[in-house]
Amino acid sequence: MSVDTIAANRHRNRFDGHHEVWLFGYGSLIHKADFAFVERRRASIHGWARRFWQGSHDHRGTPRAPGRVLTLVPEPGATCVGMAYLITPRVFDHLDHREKNGYLRHVVDMTLDDGAQVEGLVYIADADNAAWLGPATDTDIAAQIASAHGPSGSNRDYVERLASALRALGADDPHVFAIEACLRNIA
């Protein structure tokens, strides 16, 4: 299963004509910046929470055995800590391909580590995309993650690297850390 969003993202041109754009990363983009950037800073967005509710059929799983990766869901009062990258628009070709399985670019206000407020983009997989898996118990999410493996590696590795990166940022994320704890109990 795939829902290729590359073409749709190319029509989301809010920042056409800009020489630089802020990008917010909340999952693997925190620790795997495989693209050129001008600047990288700790940042946060408000009103959004990380959840392992998106299926990964192309990176951390397969069409027959999808993994679970992060997306953002609206949550009043929540703060999501991640990484902001100042990028040039030419990076979008790479990012649109990397995030093609259901993720669309959305405009978001973010707070940089020095308190500055900036507008930028974030990739979010909404509930109406074909790869959406939705909520499940922490135990069920961890069990699916534990058995999933795709072209980018094991789904378990994705969770462990993210949890480590969040700790390095000093970010507390109960959902991510609960899934990590459940994974420790799965051989």
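Reference entry: report on the structure contained in this document. Note that the structure is a prediction, hence the values are computed from the model and not measured.

**Side note on the overall build of the protein**
Summing up its helical and strand segments, the protein has five helices and seven strands in all. Ordering the α and β elements of the protein from the N terminus gives α-β-β-β-α-β-β-α-β-β-α-α. Here the C-alpha radius of gyration of the protein, 16 Å, is about what a compact globule of 187 residues would show, namely 16 Å. Once the C-alpha set of the protein is aligned to its principal axes, its extents read approximately 50 × 35 × 30 Å. Each of the 187 residues in the protein was classed as buried or not, and the buried ones make up 52%.

**Overview of the packing of aromatic side chains**
Here the structure, examined in full by the defined rule, presents five aromatic pairs. Judged by centre distance (6.2 Å) and plane angle (65 degrees), the ring pair of Phe35 and Phe37 falls under edge-to-face. For Phe35, a relative accessible area of 8% corresponds to the buried category. Following the ring pairs from residue to residue traces out a cluster consisting of Phe35, Phe37 and Tyr85. It is Arg105 that lies over the ring of Phe92; its NZ or CZ is 4.2 Å from the centre. Geometry around Phe177 places Arg167 over its ring, the cationic atom sitting 4.3 Å from the centre.

**Observations regarding the pattern of salt bridges**
This structure, assessed with the given rule, holds 13 salt bridges. Residues Arg60 and Asp157 are paired through a salt bridge, measuring 4.0 Å at the closest nitrogen-oxygen approach. Taken as a pair, Arg60 in the loop between strand S2 (39-56) and strand S3 (67-87) and Asp157 in helix H4 (residues 155-169) lie far apart in primary sequence, 97 residues in all. Exposure remark for Arg60: the relative accessible area of 9% places this residue in the buried category. Residue Asp96 is joined to Arg105 by a salt bridge in which the shortest nitrogen-to-oxygen separation is 2.5 Å. There is no split in this pair, since Asp96 and Arg105 are both buried.

**A few points about the pairing of strand S4 (residues 103-112)**
Burial analysis of S4 places seven of its 10 residues in the buried class, the great majority of the element. Inspection of the sheet shows S2 paired to S4 by two bridges, in the antiparallel sense. Paired with Ser44 across the strands is Thr111, a residue of S4. In the sheet, S4 pairs with strand S5 (residues 117-125) via nine bridges, with the strands oriented antiparallel. Across the sheet, the residue bridging to Val108 is Gly120, located in S5.

**A word on the environment of Val159**
Mapped onto the secondary structure, Val159 falls in helix H4. Residues Val159 and Leu112, spaced 47 residues apart in sequence, show a C-alpha to C-alpha distance of 24 Å. Once residues lying within four places of it in the same chain are set aside, the contact partners of Val159 are Phe52, Ile145, Ile179, Glu180 and Leu183.

**Details of the pairing of S5**
Burial within S5 is extensive, with seven of its nine residues counted as buried. Strand direction decides the pairing type here: strand S1 (residues 21-25) and S5, joined by three bridges, are parallel. Residue pairing in the sheet places Phe24 in a bridge with Val122 of S5. Between S4 and S5, which follow one another and run antiparallel, lie four residues, and Gly115 among them has a positive phi close to 95 degrees.

Basis of the calculations
- Residues numbered from 1 in each chain as written.
- Predicted model: local features only at pLDDT ≥ 70, side-chain atom pairs only at ≥ 80, totals over all residues.
- Heavy atoms only, no water.
- Helix = DSSP H or I, 4+ residues; strand = E, 2+ residues; numbered from the N terminus.
- Rg over C-alpha atoms; globule rule 2.2 N^0.38 Å.
- Buried < 20%, exposed > 50% of the residue type's maximum accessible area, 1.4 Å probe, protein only.
- Phe/Tyr/Trp six-rings, centres within 6.5 Å; stacked < 30°, edge-to-face > 60°.
- Lys NZ or Arg CZ within 6 Å of the ring centre and 35° of its normal.
- Salt bridge = Lys/Arg side-chain N within 4 Å of Asp/Glu carboxyl O.
- Pairing = 2+ DSSP bridges.
- Contact = heavy atoms within 4.5 Å.

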